[in-house]
Amino acid sequence: MATTPVIGVLALQGDVREHLIALAAADAVARPVRRPEELAEVDALVIPGGESTTISKLAVLFGLLEPLRERVRGGMPVYGTCAGLILLADKILDPRSGQETIGGIDMIVRRNAFGRQNESFEASVDVQGLGPVEGVFIRAPWVESVGAEVEVLAEHGGHIVAVRQGWSLATSFHPELTGDHRVHGLFVEMVREKAAAGSR
């Protein structure tokens, strides 16, 4: 892999453009991903916020769900925000009918845990290794519980809102909406570390 990682943004639904901008600002080459052949060309992937049920159904429709699962199981770095966090969970407490996950993080999540759209809010979140980060919570989930291999990176109001397991990162909130690109920078650094580990 070149020193500048190529990171895809799953472009089925959600705030794709904002993630592309944030990744570029964090010194990555950012590309939208809608098809399996586009997924095969990236070093890592961001799964944006949106509606987790819709994204999972579109992933099936576009033939992406199984390739996504295979890449994540194979160690591809992946970062999910909000709906992306739900899709990376191994278990959802209250799944909608037909909702599937990609999996990859040993956690149980609760959808819309912080309330509905009109209860959206912003709050400062202390993220391990980064310090205070402004978090935008929009119909946000939280993490109910994690397995032994999951590192909790942040909590808000007594609930887990950022986690990491191996090369997988997830946040309940939307850092791409604030102009602060440090969380994306952390993910880009993870992608570089993975490439360095693979080349040794």
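Residues numbered from 1 in each chain as written. Predicted model: local features only at pLDDT ≥ 70, side-chain atom pairs only at ≥ 80, totals over all residues. Heavy atoms only, no water.

You'll find the protein entered in an unreviewed UniProt entry as Pyridoxal 5'-phosphate synthase subunit PdxT, with Streptomyces mesophilus given as the organism. Per UniProt, the protein has the following entry under Function (unreviewed entry): "Catalyzes the hydrolysis of glutamine to glutamate and ammonia as part of the biosynthesis of pyridoxal 5'-phosphate. The resulting ammonia molecule is channeled to the active site of PdxS." Under the heading Subunit (unreviewed entry), UniProt records this for the protein: "In the presence of PdxS, forms a dodecamer of heterodimers. Only shows activity in the heterodimer." (UniProt positions renumbered as here; feature names shortened; annotations may be inferred.)

S.K.: Would you mind showing me how to read the pattern of salt bridges here?
M.R.: Any two side chains of opposite charge can pair, on the condition that their charged atoms come close. Evaluated as defined, the whole model comprises nine salt bridges. Between E51 and R111 there is a salt bridge, and its shortest N-O distance comes to 3.8 Å. In this pair, E51 is assigned in the loop between strand 3 (44-47) and helix 3 (52-61) and R111 in the loop between strand 6 (105-110) and strand 7 (121-127), connecting sequence segments 60 residues apart. The exposure class of E51 is buried, given its relative accessible area of 14%. Notably, a salt bridge pairs R110 with E144, separated by 2.7 Å at the nearest N-O pair. You can see R110 sitting in strand 6 and its partner E144 sitting in strand 9 (residues 142-146), a full 34 residues away along the chain. (Salt bridge = Lys/Arg side-chain N within 4 Å of Asp/Glu carboxyl O. Helix = DSSP H or I, 4+ residues; strand = E, 2+ residues; numbered from the N terminus. Buried < 20%, exposed > 50% of the residue type's maximum accessible area, 1.4 Å probe, protein only.)

S.K.: Help me out: how do you make sense of helix 1 (residues 16-25) in this one?
M.R.: An α-helical turn contains 3.6 residues, so a residue and the one three or four places further along point in the same direction. Within helix 1 the residues assigned to the buried category are V16, H19, A22 and L23. Summarising the axial view, the buried residues of helix 1 lie within an arc of 130°, below the 170-degree limit, and thus occupy one face. Where helix 1 terminates, the next one or two residues include D27, which has phi positive at roughly 70°. (Arc of directions from axis to C-beta.)

S.K.: Got a minute to help me understand the side chain of D15 in this structure?
M.R.: By secondary structure assignment, the location of D15 is in the loop between strand 1 (6-10) and helix 1. Buried within the structure, D15 lacks any salt-bridge partner; its nearest side chain of opposite charge belongs to R17, at an N-O separation of 10.0 Å. Only 3.3 Å separates the side chain of D15 from the backbone nitrogen of G49, close enough to count as a polar contact. Ignoring anything within four residues of it in the chain, the contact list for D15 reads P48, G49, H174, E176 and L177. (Lys, Arg positive; Asp, Glu negative; His and termini not counted. Polar contact = N/O pair within 3.5 Å; in protein donor to acceptor, adjacent residues only side chain to side chain. Contact = heavy atoms within 4.5 Å.)

S.K.: Quick question: what am I supposed to make of the pairing of strand 8 (residues 131-137) here?
M.R.: In terms of residue burial, strand 8 counts as a mostly covered element, since five of its seven residues are buried. Bridging between strand 7 and strand 8 involves seven bridges; their strand directions are antiparallel. Following the sheet pairing, V125 is matched in strand 8 by V133. Between the end of strand 7 and the start of strand 8, which pair antiparallel, lie three residues, with G129 showing a positive phi angle near 90°. (Pairing = 2+ DSSP bridges.)

S.K.: Just checking my understanding: could you explain the packing of aromatic side chains for this structure?
M.R.: The relation between two aromatic rings is expressed through the spacing of the ring centres and the mutual angle of the planes. Considering all chains together, one arrives at six aromatic pairs under this definition. With a centroid separation of 5.7 Å and 70° between ring planes, the pair formed by F114 and F121 is classed as edge-to-face. On the accessibility criterion, F114 (17% relative accessible area) is buried. When the ring of F114 is compared with that of W142, the centres are 5.0 Å apart and the planes differ by 85°; the resulting orientation is edge-to-face. In this pair, F114 sits in the loop between strand 6 and strand 7 while W142 sits in strand 9, placing the two residues 28 residues apart along the sequence. Just as F114 is buried, W142 falls in that class too. Taken together, the ring pairs in this structure connect F114, F121, F137, W142 and F173 into an aromatic cluster. (Phe/Tyr/Trp six-rings, centres within 6.5 Å; stacked < 30°, edge-to-face > 60°.)

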